[in-house]
Amino acid sequence: MHPFEKRIETVAAKATHALAPDVYAVSFYVTCNEDDLRQIELHISHNTLENLESAIEDASDAAEAKWNFAFWSQEPDAVIAAECDEVDDEKGRELREQWLNDLGLNYTQEEEDEDFDRVSELCEKIEAEFYAMAARVAKRQHDSAVITNTFGAPIPIVVHELEYHEQIVAVTKAANPPGVADEFADWVDSM
């Protein structure tokens, strides 16, 4: 396992252990700083039944309030590989850089200026590799019983960005035991 993946797993397990018992889903929100995939980050958060109840009146229906990240608490429990006012994960950024280099996916601004198509392909690979890694980490949280021991039952870990589509459903299903993410998948399919 790459040290970057190990860091994500360690931080995710620590964040999950600290969550409240009325959590019904955990979010692995994938984003990047300044739309630069070399600066890809993972924000781990959750939503509670209490927050869900208060969000229903603002959503089009209960399913949207339950599964659309826009209606969740926007306070992350942990942020990996970020640098912003609230978080400075220097170690995570160093490990991300090493991960990109080890996969042969890193590039310079000069390379992007010279061969945009090649860099676009690298960006697609970065995104795919990161999502696969996040799904593996989530799956191991289930397999090692971190989720069940914390919440008393398996709850879904949704691996996502701000938009929901088939790839997000596929990654989320891979991140969870069979059936655990079906309600989320059904909601995305209904849109």
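Structure shown above.
Caption draft 1: Focus on the packing of helix H4 (residues 90–103) against helix H6 (residues 116–143). Axis separation between H4 and H6 bottoms out at 12 Å; the angle between their running directions is 120°. Handedness of the H4/H6 crossing: right-handed. Within the contact between the two elements, H4 uses Trp99, Leu100 and Leu103 and H6 uses Ile126, Glu129, Phe130 and Met133. Taken together, the residues that form the contact of H4 with H6 break down as six nonpolar, no polar and one charged.

Caption draft 2: Inspection of the packing of aromatic side chains at higher detail. Inspection of every chain in the model, using the stated rule, returns eleven aromatic pairs. Summarising the aromatic geometry, the rings of Phe4 and Phe130 are spaced 6.1 Å apart at their centres and angled 40° between planes, so their arrangement reads as tilted. With Phe4 in helix H1 (residues 3–17) and Phe130 in helix H6, this residue pair connects regions lying 126 residues apart in the sequence. Ring plane angle 85° and centroid distance 5.8 Å describe the contact between Tyr24 and Trp67, whose orientation is recorded as edge-to-face. One end of the pair, Tyr24, is in strand S1 (residues 23–32); the other, Trp67, is in helix H3 (residues 62–67), with 43 residues separating them in the sequence. With respect to class, Tyr24 is no different from Trp67; both count as buried. Among the aromatic residues, those joined into a cluster by ring pairs are Tyr24, Tyr29, Trp67, Phe69, Trp72, Tyr164, Phe184 and Trp187. Lying over the aromatic face of Tyr24, Lys66 brings its terminal NZ or CZ to 5.5 Å of the ring centre.

Caption draft 3: Quick look at the environment of Val11. Structurally, Val11 can be placed in helix H1. Distance from Val11 to Val79, taken between C-alpha atoms, is 8.4 Å for residues 68 residues apart in sequence. Ignoring sequence-local partners within four residues, the contact set of Val11 consists of Ala78 and Ile80.

Caption draft 4: Examining the sheet that holds strand S2 (residues 40–48) more closely. Across the sheet, which stays open at both edges, the four strands sit in the order S3-S2-S1-S4 with mixed pairing between neighbours. Edge strands, defined here as strands with exactly one partner in the open sheet, are strand S3 (78–80) and strand S4 (157–160). Strand-to-strand, the axes of this sheet are offset by a mean angle of 20°, without reference to chain direction. Contacting S1, S2 and S4, H6 crosses the sheet at an angle of about 175° to S4.

Caption draft 5: Representation of the pairing of S1 in the model. With eight of ten residues buried, S1 is to be regarded as a mostly interior element. Of the pairings in the sheet, the one linking S1 to S2 comprises nine bridges and is antiparallel in character. Pairing of Phe28 across the sheet is with Ile44, part of S2. Note: S1 against S4, four bridges, orientation parallel. Paired with Tyr29 across the bridge in S4 is His160.

Caption draft 6: Spotlight on the state of the cysteines. The final tally for this structure, using the stated rule, is zero disulfides. For Cys32, which is in no disulfide, the shortest distance to another cysteine sulfur is to Cys123 and amounts to 8.6 Å. Overall, Cys123 belongs to the buried group, its relative accessible area being 15%.

Caption draft 7: Quick look at the side chain of Thr16. Structurally, Thr16 is set in helix H1. Looking at Thr16, its side chain comes within polar contact range of the main-chain oxygen of Ala12, at 2.8 Å. With near-sequence residues (within four places) excluded, Thr16 lies in contact with Gln141, Val146, Ile147, Thr150 and Phe151.

Cut-off values and rules
Residues numbered from 1 in each chain as written. Predicted model: local features only at pLDDT ≥ 70, side-chain atom pairs only at ≥ 80, totals over all residues. Heavy atoms only, no water. Axes fitted to C-alpha atoms, helices over the stretch in contact; angles between N-to-C directions. Helix = DSSP H or I, 4+ residues; strand = E, 2+ residues; numbered from the N terminus. Left-handed = near helix turned anticlockwise from the far one by under 90°. Contact = heavy atoms within 4.5 Å. Nonpolar A, V, L, I, M, F, W, Y, C, P; charged D, E, K, R; others polar. Phe/Tyr/Trp six-rings, centres within 6.5 Å; stacked < 30°, edge-to-face > 60°. Buried < 20%, exposed > 50% of the residue type's maximum accessible area, 1.4 Å probe, protein only. Lys NZ or Arg CZ within 6 Å of the ring centre and 35° of its normal. Pairing = 2+ DSSP bridges. Disulfide = S-S within 2.5 Å. Polar contact = N/O pair within 3.5 Å; in protein donor to acceptor, adjacent residues only side chain to side chain.

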